[in-house]
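# A closer look at the structure
One-letter residues, chain by chain:
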Amino acid sequence: MKSLLIIFLSLSVVGLAAQENTNQNKFRQLDNELPTPNTYRSASGAPGHEYWQQRADYDMKITIDDENQKLMGSEKITYYNESPNDLTYMWLQLDQNVRAKDSHSYDIRSSGLSDRMSSGQLNRLTPSFEGGFNLESVTDQNGKALKYTVNKTMMRIELPSTLKPKSSFTFNIKWWYNINNTREIGGRSGYEHFAEDDNNVYVIAQYFPRMCVYDDINGWQNKQFLGRGEFALIFGDYNVEITVPEDHLVAATGELQNADKVLSKDQKKRLKQAKKSHEQTVTIATYDEAEERMQDKKTRTKTWKFKADNVRDFAFATSRRFIWDAMGVPMSDGRTVMAMSMWTKEGDCLWKKYSTKAVAHTVKWYSHYTVDYPYPVAWSIDGSMGMEYPMICFNFGRCEDDGTYSQRTKYGHIGVIIHEVGHNWFPMIINSDERQWTWMDEGLNTFMQYITEQHWERDYPSRRGPANKIVDYMKGDKDKISPIMTNSESIFQFGNNAYGKPATALNILRETIMGRELFDYAFKEYAQRWKFKHPSPADFFRTMEDASAVDLDWFWRGWFYTNDHVDLSLNNVKYYKIDSKEPKEKSKREKAERAKERENISVLRNREQIKQTLNEQDTTIDDLYTNYDPLDSDIIDEQEYQKYLASLSDDEKEMLKGDSHYYELEFENVGGLPMPIILEFAYEDGTTEIKRIPAEIWRFDQSSVTKAFTTKKKVINITLDPFLETADVDTENNSLVPDSQPNRFELFKRSNRRRGGGENPMQRAARAKKLQENQP
């Protein structure tokens, strides 16, 4: 009996699996794709009542050796175990090891040879840069060496004793590394050398061993850093001392703590003025002052001290070449955020005009649509790249040699600043796992970038966001298109997949699926729920539905879990009008239709060539049928019509008297991605009307649907997706012209009796004559 029961249960499981595999309806729920809700993450998408996350505080001392382009550092890390689990070891990220000679980041890049190769191309075949962390010591707070293991870009530290829940562990690390030249070997951070004055600009990040995330989803997120998938980090407080040449200016995450020791009297005075200036920037360190520092380099050093609370990372920039300006951004809670920029003279034509105002603009509008910017400063730094960190980002934008700039450079400069400053929200505040899901920060941020750009200038030439801008990508080779829900390191066409497509999807949700009011509320709710926490894709998907009462499972599946594209086709249009049954009108209409049908070449030639027919010569052969027209109306038709009218209600009589036009449209889903059907009806009087059908019309047939419409005016053209808002890849099948002559249908389907109960025309004529004679 037991064996039979096991077999039965096994067959049941197989049966359920087979049933699941056969359910390919695009509107089925995402239950199998999303993780099961629990006490840490609720079914609504909000953090659960037992949600937890780890924390780490850092005290660091950093020195820049400008002569040798080296960074030396020491740090004290206090790690807090807020999880319910015992920990016996910890993982830290050693991101600089991505540039070590034995890094897998070199090995996994495909490469080839051609007839002509540059020295740079040949050098990249075998790395020569001595990159990577050089660890000098790893000790506990008492100076005792800790056992550790380095595995490429990850380091495991063995804890001397189990780290219990609600307890902490403090340890120290000392290290140094060679700073990479970003112009020669690239990188998210490093230094740029200016040969003309022999000075460097440093934009420094990923420069210290950082704690990995330990959470309820992955345990330790210790996936190796291969160069593409960015960072998963935890929040903490930072106290950082940065020692640089004394004539350098420093911008960093956090607030400057020793301004009296590192800033001049004039600089401090200008900063106070800038905080009160909300419309125009105030220059803190001028172009001329930068020129003086470049020509008279100092060898002594100065230490800048910064403090940053509740941030997930810390970055900084330093150079004697910097020009600096600032302005205040008033916040709704009464605070003033300092928007600031530092740049080199090579970008002066752009940066002095746009950078800090773009920072302030971003702080304003991202705060409006998500959560208020919580930090005291927001920096934009001329780093000849685009990269983001809490309170500071590195951006590009340089002038031509004659001090001018192109239109593309202008909007690229403004756009990258909005984008990188916007990363303060995604992922610096709403702290998603970049190593796993690039789209959760880049996609959401690119969407917000588009909205913010449109607030900058009407018809701002945004690169991404509008649906029509993703069409070329989505209609491409499917073998080279990954679903959005693909790990960061395995994505084809990284920019389109992780930036463009999710940004477009969210814009379509806002404009076409949900509407701005519902979307904006739900999006803001997501930001509020997950600020200073670690959201997952499921948390985002569930919150957007929970806060809007819109079932979006079909949308997430199609746009995020597949590489289907949108191609809806308007295949056919049938035009109808109600047959009023009024005898004389019907007779006139049917005769006109018959006359048109008879206008063929044979009839026309016979009329011309046959001078006289026999019955025209001999009228004795004529009878009733000679001139009989079955389309003529008679008294019998009139009586039947009156009986028909008597059977109708008052509303039905009004419908019969009306002049409504009816159109039956046939649609096909060619691309596979279900989307709303948006139609523009163009009328013969020159007006137009938009009709919107929700995507759920496809729920029972994902390949073709038919939909009928009633109009008060005659339609001369119908266009599908007239505003290009669904990313339809083929607009050639989106428009049709209806027939000018309608088909007719009866208001009610009645019994299909033969005319006159089967009597022939002679019998009918006699009956009609008799009825006519009996008329009063």
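In this text, all values refer to a predicted model and were calculated from it rather than measured experimentally. (Residues numbered from 1 in each chain as written. Predicted model: local features only at pLDDT ≥ 70, side-chain atom pairs only at ≥ 80, totals over all residues. Heavy atoms only, no water.)

### Some thoughts on the sheet that holds strand β10 (residues 210-211)
If you trace the four strands from one edge of the open sheet to the other, you get β5-β6-β3-β10, paired in antiparallel fashion. Whereas interior strands pair on both sides, the edge strands pair on one side only; in this sheet they are β5 (148-151) and β10. Note: strand β3 (residues 87-93) against β10, two bridges, orientation antiparallel. Opposite Gln 93, over in β10, you have Arg 210 as the bridge partner. (Pairing = 2+ DSSP bridges. Helix = DSSP H or I, 4+ residues; strand = E, 2+ residues; numbered from the N terminus.)

### What about the pairing of strand β6 (residues 154-163)?
Bridge count between β3 and β6: six bridges; the pairing is antiparallel. The residue bridging Leu 87 from the neighbouring strand is Leu 163, located in β6. Judged from the four bridges that link them, β5 and β6 form a sheet pairing that is antiparallel. Residue pairing across strands places Tyr 148 opposite Ile 157, the latter belonging to β6. Here β5 folds back onto β6, and the loop between the two strands holds two residues, one of which, Lys 152, carries a positive phi near 55°.

### Focus on the state of the cysteines
All told, the structure shown has one disulfide when counted by the stated rule. A disulfide-free cysteine, Cys 393 has its sulfur positioned 18 Å from the sulfur of Cys 399, the nearest such atom. (Disulfide = S-S within 2.5 Å.)

### A word on the side chain of Arg 435
Structurally, Arg 435 can be placed in the loop between α9 (407-422) and α10 (439-456). Setting aside residues no more than four positions away along its own chain, Arg 435 makes contact with Gln 93, Asp 95, Met 154, Gln 221, Lys 223, Gln 224, Phe 225, Gly 229, Glu 230, Phe 231, Asn 487 and Ser 488. (Contact = heavy atoms within 4.5 Å.)

### Details of the pattern of salt bridges
Counted by the stated rule, this structure contains 45 salt bridges. One salt bridge connects Arg 210 with Asp 95, and the closest N-O pair in it is separated by 2.7 Å. On the criterion of sequence distance, the pair formed by Arg 210 in strand β10 and Asp 95 in the loop between β3 and α2 (104-107) is long-range, its members being 115 residues apart. You can call Arg 210 buried: its relative accessible area is 0%. Taking relative accessible area as the criterion, Asp 95 reaches 2% and is therefore assigned buried. Measuring nitrogen to oxygen at the nearest pair gives 3.4 Å for the salt bridge that ties Lys 352 to Asp 348. With Lys 352 and Asp 348 both in helix α8 (residues 348-369) and four residues apart, this pair spans about one turn of that helix. Exposure remark for Asp 348: the relative accessible area of 13% places this residue in the buried category. What you see here is one network of salt bridges that share partners, running through Asp 95, Arg 210, Asp 313 and Arg 435. (Salt bridge = Lys/Arg side-chain N within 4 Å of Asp/Glu carboxyl O. Buried < 20%, exposed > 50% of the residue type's maximum accessible area, 1.4 Å probe, protein only.)

### Looking at the sheet that holds strand β20 (residues 336-343)
Strand order in the open sheet formed by six strands is β16-β19-β20-β21-β23-β22, with mixed pairing between adjacent strands. Edge strands, defined here as strands with exactly one partner in the open sheet, are β16 (282-285) and β22 (387-389). The mean angle between the axes of side-by-side strands here comes to 20°, regardless of whether they run parallel or antiparallel. Pairing of β20 with strand β21 (residues 377-382), which is carried by five bridges, proceeds in the parallel orientation. Note that in β21 the partner of Ser 341 across the bridge is Ser 380. Along the sheet, helix α6 (residues 265-276) contacts β16, β19 (323-330) and β20; its crossing angle with β16, the most-contacted strand, is approximately 155°. Contacts between α9 and the sheet are confined to β21, β22 and β23 (392-395), with β23 contributing the most and set at about 150° to the helix. (Axes fitted to C-alpha atoms, helices over the stretch in contact; angles between N-to-C directions.)

### Some details on the packing of aromatic side chains
A full pass over the atoms with the stated rule returns 49 aromatic pairs. Aromatic side chains Tyr 373 and Tyr 375 sit 5.8 Å apart centroid to centroid with 85° between the ring planes, which places their arrangement in the edge-to-face category. Note on Tyr 373: relative accessible area 0%, which makes it buried. Tyr 375 gets classed as buried once you look at its relative accessible area, which sits at 4%. When the ring centre of Trp 176 is taken as origin, the NZ or CZ atom of Lys 70, which lies over that ring, is 4.6 Å away. Against the face of Phe 194 rests Arg 321, its NZ or CZ located 3.8 Å from the ring centre. (Phe/Tyr/Trp six-rings, centres within 6.5 Å; stacked < 30°, edge-to-face > 60°. Lys NZ or Arg CZ within 6 Å of the ring centre and 35° of its normal.)

### Here's the deal with the packing of helix α13 (residues 516-530) against helix α14 (residues 537-546)
The N-to-C vectors of α13 and α14 enclose an angle of 135°; their axes lie 8 Å apart at closest approach. When the axis of α13 is compared with that of α14, the two are oblique. As for how α13 packs across α14, the hand of that crossing is right-handed. Contacts between α13 and α14 involve Phe 519, Ala 522, Phe 523, Glu 525, Tyr 526, Arg 529 and Trp 530 from the former and Asp 539, Phe 540, Thr 543, Met 544 and Asp 546 from the latter. (Parallel < 35°, antiparallel > 145°, perpendicular 65-115°, else oblique. Left-handed = near helix turned anticlockwise from the far one by under 90°.)

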